[in-house]
Amino acid sequence: YKVTYSAFEGLFVNVLKPKDSFAQELKEAGFDMTQLKPEYPSEVWRKCLVISAKFTFPSLGQEAAFSKLGQIFIDGYFETIMGRVAKAIVPLVGPAGLLKRMGGFFTAGAPGLQVSLETIAKTSYVLRFVSPWTNPEFDASVAMAVLSRTGVKGLNSRITRRPDGFDLAVSW
């Protein structure tokens, strides 16, 4: 699948603002801050997340660093054109309504990624991410960061990996 410019803009242009060797490694991975493209192969996104984890959170293990990147990503994404639309909807729909729309938000940024929702109970859901190229820690942290913006209390999550992606169980 592809990852749209808005995801790169949110993380790199708006939040991380890489320079020097960080920017150079991103360029070698296929993302040049001086020549932005409308979309990038998912492989470029994955490589850029690994590089960003190393430069931004060097004292953390890779999974913890991906989780932190997901948490800070949403602030930058909400500054993009697509993100401003999503940000306006979040407080209006509540956590259950947001979960019902979350698949659309993720696939808007990464066409080809499949995200579906299973309702377990009134306050318990499973988001199913289908693509072998997902980054569970990053994607789950993005989802949880957005859900926290609804004001819901007692938010819990659990990642279950599958060969074709992962499930994110969410409850409150």
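Anything mentioned here points back to the structure above.
Summary of the structure given here. (Residues numbered from 1 in each chain as written. Predicted model: local features only at pLDDT ≥ 70, side-chain atom pairs only at ≥ 80, totals over all residues. Heavy atoms only, no water.)

### Things to note about the packing of helix α2 (residues 20-29) against helix α3 (residues 42-56)
Contact pair α2 / α3: the axes reach a minimum separation of 9 Å and the direction vectors enclose 160 degrees. Taken as axis vectors, α2 and α3 run roughly antiparallel relative to one another. Crossing geometry of α2 relative to α3 is assigned as right-handed. Counted together, Ser21, Phe22, Glu25, Leu26 and Ala29 of α2 and Val44, Lys47, Cys48, Ile51, Ser52, Lys54, Phe55 and Thr56 of α3 form the full contact between these two elements. Classifying every residue of the contact of α2 with α3 gives seven nonpolar, three polar and three charged. (Axes fitted to C-alpha atoms, helices over the stretch in contact; angles between N-to-C directions. Helix = DSSP H or I, 4+ residues; strand = E, 2+ residues; numbered from the N terminus. Parallel < 35°, antiparallel > 145°, perpendicular 65-115°, else oblique. Left-handed = near helix turned anticlockwise from the far one by under 90°. Contact = heavy atoms within 4.5 Å. Nonpolar A, V, L, I, M, F, W, Y, C, P; charged D, E, K, R; others polar.)

### Quick notes on the pairing of strand β6 (residues 165-171)
The buried count for β6 comes to six of seven residues, which makes it a mostly enclosed element. Taken together, the seven bridges between strand β4 (residues 124-130) and β6 define a ladder with antiparallel strand orientation. Following the sheet pairing, arginine 128 is matched in β6 by aspartate 167. Pairing analysis gives seven bridges linking strand β5 (residues 156-162) to β6, with the strands arranged antiparallel. (Buried < 20%, exposed > 50% of the residue type's maximum accessible area, 1.4 Å probe, protein only. Pairing = 2+ DSSP bridges.)

### Considering the pattern of salt bridges
On inspection of all chains with the given rule, the structure shows nine salt bridges. The partner of glutamate 25 in a salt bridge is lysine 54, with the nearest N and O atoms 2.7 Å apart. Residue glutamate 25 is found in helix α2, and its partner lysine 54 is found in helix α3; the two are separated by 29 residues along the sequence. As a salt-bridge pair, glutamate 137 and arginine 161 come within 2.2 Å of each other at their nearest N and O atoms. With glutamate 137 in helix α6 (residues 136-148) and arginine 161 in strand β5, this residue pair connects regions lying 24 residues apart in the sequence. A cluster of three or more residues bridged by salt bridges with shared partners is formed by Arg128, Arg162, Asp164 and Asp167. (Salt bridge = Lys/Arg side-chain N within 4 Å of Asp/Glu carboxyl O.)

### Comments concerning helix α4 (residues 62-77)
Between its first and last C-alpha atoms α4 spans 22 Å; for 16 residues at 1.5 Å apiece the expected length is 22 Å, and the two agree. Taken residue by residue, α4 has Ala65, Phe66, Ser67, Leu69, Gly70, Phe73, Ile74, Gly76 and Tyr77 as its buried positions. In the core, the buried residues of α4 are packed alongside α1 (5-16), α3, α5 (81-109) and α6. (Expected span 1.5 Å × (residues − 1).)

### Details of the packing of aromatic side chains
Enumeration over the complete set of coordinates arrives at 16 aromatic pairs. On the basis of an interplanar angle of 40 degrees and a centroid distance of 4.2 Å, the ring pair of phenylalanine 8 and tyrosine 40 is categorised as tilted. Of the two residues, phenylalanine 8 sits in helix α1 while tyrosine 40 sits in strand β2 (residues 39-41), which places them 32 residues apart along the sequence. Of the two residues examined, phenylalanine 8 and tyrosine 40, each falls in the buried class. Ring centres of tyrosine 125 and tryptophan 172 lie 5.7 Å apart, and the angle between their planes is 15 degrees; on these two criteria the pair is classed as stacked. Of this pair, tyrosine 125 sits in strand β4 while tryptophan 172 sits in the segment after β6; the two residues are 47 residues apart in sequence, bridging distant segments of the chain. (Phe/Tyr/Trp six-rings, centres within 6.5 Å; stacked < 30°, edge-to-face > 60°.)

### Digging into the side chain of threonine 80
Along the chain, the position of threonine 80 falls in the loop between α4 and α5. Taking relative accessible area as the criterion, threonine 80 reaches 0% and is therefore assigned buried. Within the local environment of threonine 80, its side chain forms a polar contact with the backbone nitrogen of glycine 83, the two atoms lying 2.9 Å apart. Threonine 80 has contacts with Ser6, Glu9, Gly10 and Asn14, leaving out every residue within four places of it along the chain. (Polar contact = N/O pair within 3.5 Å; in protein donor to acceptor, adjacent residues only side chain to side chain.)

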